[in-house]
Number of protein chains: 2
Amino acid sequence: MTNNIKEPQITLVGAGPGDADLITVKAIKALKTADVVLYDALVNEELLNYAPETSVKVYVGKRSGDHTYSQEAVNKLMVDYATNYGHVVRLKGGDPFVFGRGFEELDFAASYNIPATVIPGISSSIAVAELQNIPVTHRGLSESFWVITGTISNGKISPDLYDAAKSKATIVVLMGINKLAEIAEIFKSEGKSKLPVAVIQSGTTVDEKVAIATVDTIVNAVKDQNIGSPAIIVLGEVVSLHPKFQLIKEIYDVVAKG
Amino acid sequence: MTNNIKEPQITLVGAGPGDADLITVKAIKALKTADVVLYDALVNEELLNYAPETSVKVYVGKRSGDHTYSQEAVNKLMVDYATNYGHVVRLKGGDPFVFGRGFEELDFAASYNIPATVIPGISSSIAVAELQNIPVTHRGLSESFWVITGTISNGKISPDLYDAAKSKATIVVLMGINKLAEIAEIFKSEGKSKLPVAVIQSGTTVDEKVAIATVDTIVNAVKDQNIGSPAIIVLGEVVSLHPKFQLIKEIYDVVAKG
C-alpha cells in the first residue's frame, strides 16, 4: 500500500551531553528517518544535520528561566506534528529519562495511540565528570553514586539531598548550580566541610569550565571562575582523583603541619 | 617524521549495554584507529567489526565467576600491547567509569607515561530500565536515582544498600542478582514489602528477560522465569509505570477490597 499520509510515530532520542560525537548509532538512524525534529536548548545543533534536509526542525527551548514552550505545549506540538507529518524525533539533551520528563512525553503519545519509543543517550550525570577524569565509582572511595535534581517542581531543594549528604555515595546534582550555597550548607551541617567538590559547566563542549574545591570553598571557586548554568555538581571523595585536587591537598597538608 | 614504531596510546571505550547500535560515534572513531582491541565478556562482539581487519582482538573476559584475566593482568596486557603495537582500545561493557574499574586502568597507563583517555558509554544503570519503559526519575514518583554495586570486593553486600533502602530514591543495583533474596530482606525490614521491583537480564539484547513484582514476591518471580546473570535490579515506585505492573496492582486492589 502506498499513500502520501505517513503513519504517525514518535521517537524520544537522547542527544548526549553536548559533544556531537557522543550520539549513538541508533539515534542517528532515527534522525535519518525523521519528518520533524523537535529539539531542546541543550542539544548540539550539529546533530540536526543527520535529519533529512526536507525535515522540519523546531526549537522548543526549555532550560532554567527560559521556558520557550511549556511541557504541555511541547507534548501537544509533538502529537500534532506526528499526526500531520509522520515521524517526529523528540531530541533531548543527555538521556530522555534522567530528569527529562521523557516518560510524560511517551505517555502523552500513548494517550493518542501514537507508537512511541525511547533511545537512551549518554547522560551528563556520568559522562561530564568522566571526561574530567572523575569516576563516579572507584574501589576504596565509592561503591555507589546518587543522581539528584537540584530544583524540584516547587522551586525548592529536593528533600533527597538531605539524605544524600548523610550517605557515602558520590553525589551528582543536576540543575543545582543556583542552589550551590544552600547545598554546601547541607553538607557542612553533616560535618563534610572538607569533602571534595567539582562544578563543571557546559561539560564536553568547547565552553567547558571546571572548579575543583571542597565543600567550604566551592562557592568562592565557582564565583572566581564565573561558572554558571548549565552545570553539574559532583560531591565525593572521587573528586580527589582530579589532578587539580592534588594542589589543594598539598596546601592543606602544609597548613596542617603548621 | 615517519617510522614503523607507533606511539603507544590507550583509549578506554564504553561499549554500551548490549545492543550494538547503542555505541557512540566517538567510540567508533576510536575503534577505527585501533591496532589492538582488548574486550570484556559483556561487550557485543559485532562492535569488533568497526576495528581494522588487521587489528589484534583479545578477549579478556571478566564477569562474575569467570575471571579469565585478573585486573592486574588486564592492566599489564594493555600497556604491553600499547608499547608494542600502538593504539590500544580497551572496550568495556556499559560505561568504563560505572563499576568498570576504568579509572584504575587510566591510572596504570599514566604510571607508564602512556597517553590514555576515556570515551563514555551508554550505562545499563539507566538504559536497561529505560528500554523497558521504566524511567529512573519521574515527577511525583522519584526525584533521584541511586546506583549501587550488588557485590563489593570482599564479596559482601555494599553497606550503601542499607542506607538506600531507607531513601526515597529509585535504587538500581548492578551485579546483584545473586544477592536478590538478601536485598529483598533489607527492603522488607524498612517496611517496603510492597515496593515495585524489576529484574532485567541481558537488557537491550535478544536474550532479554524481565520480571516485574514487588519486594515480597520478586525472588519467586525471578525463579519462575529462570532469570540469571547478567541482570540489573530496579527498586522504586517508578517500576509501577511498567505495563506488567498494572496487572499486579489490579490483583492487589481486588484482594484489598476482599
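All of these numbers come straight from a predicted model, not from anything done at the bench.

Calculation criteria
Residues numbered from 1 in each chain as written. Chains lettered and ligands numbered in written order. Predicted model: local features only at pLDDT ≥ 70, side-chain atom pairs only at ≥ 80, totals over all residues. Heavy atoms only, no water. Salt bridge = Lys/Arg side-chain N within 4 Å of Asp/Glu carboxyl O. Helix = DSSP H or I, 4+ residues; strand = E, 2+ residues; numbered from the N terminus. Buried < 20%, exposed > 50% of the residue type's maximum accessible area, 1.4 Å probe, protein only. Phe/Tyr/Trp six-rings, centres within 6.5 Å; stacked < 30°, edge-to-face > 60°. Pairing = 2+ DSSP bridges. Axes fitted to C-alpha atoms, helices over the stretch in contact; angles between N-to-C directions. Domains from an automatic or database assignment. Contact = heavy atoms within 4.5 Å. Buried area = accessible area lost by both parts, 1.4 Å probe. Polar contact = N/O pair within 3.5 Å; in protein donor to acceptor, adjacent residues only side chain to side chain.

### Structural notes on the pattern of salt bridges
Two side chains with opposite charge may pair up if their charged atoms get near one another.
All names here are of chain A.
No. 1: The full count for this structure, using the stated rule, is 24 salt bridges over all chains.
No. 2: We note a salt bridge from Glu105 to Arg90, for which the minimum N-O separation is 3.1 Å. You can see Glu105 sitting in helix α3 (residues 102-111) and its partner Arg90 sitting in strand β4 (residues 87-92), a full 15 residues away along the chain. Arg90 carries the same exposure label as Glu105, and that label is buried.
No. 3: One salt-bridge network, held together by shared partners, links Asp40, Arg90, Lys92 and Glu105.

### Some details on the packing of aromatic side chains
Residues and elements named next belong to chain A.
No. 1: Under the defined criterion, the tally for this structure stands at nine aromatic pairs over all chains.
No. 2: Here Tyr39 and Tyr59 contribute two aromatic rings whose centre-to-centre distance is 5.6 Å and whose plane-to-plane angle is 70 degrees, an arrangement assigned as edge-to-face. Placement of the pair is Tyr39 in strand β2 (residues 36-40) and Tyr59 in strand β3 (residues 56-61), with a sequence separation of 20 residues.

### A word on the sheet that holds strand β3 (residues 56-61) of chain B
Strand pairing in a sheet is mediated by backbone hydrogen bonds. Such pairs are either parallel or antiparallel.
Residue and element names in this part refer to chain B.
No. 1: Spatially, five strands are ordered β3-β2-β4-β1-β5 in an open sheet, and the strand pairing comes out parallel. Edge positions in the open sheet fall to β3 and β5 (116-119), since each of these has one partner strand only. Looking at each pair of strands side by side, their axes are set apart by 20 degrees on average, direction ignored.
No. 2: Here four bridges tie strand β2 (residues 36-40) to strand β4 (residues 87-92), and the two strands are oriented parallel to one another. Across the sheet, the residue bridging to Leu38 is Arg90, located in β4.

### Overview of the domain arrangement of chain A
All names here are of chain A.
No. 1: What the domain assignment lists for chain A is domain 1 (9-119) and domain 2 (124-257).
No. 2: Averaged C-alpha coordinates put domain 1 and domain 2 at centres separated by 30 Å.
No. 3: Contacts between domain 1 and domain 2 engage nine residues on the former and 14 residues on the latter.
No. 4: Buried area between domain 1 and domain 2, both sides added, is near 760 Å², and the carbon and sulfur share of it is 71%.
No. 5: Here domain 1 and domain 2 share zero salt bridges between them.
No. 6: Linking domain 1 with domain 2 are one residue pair in polar contact (both at pLDDT 80 or more).

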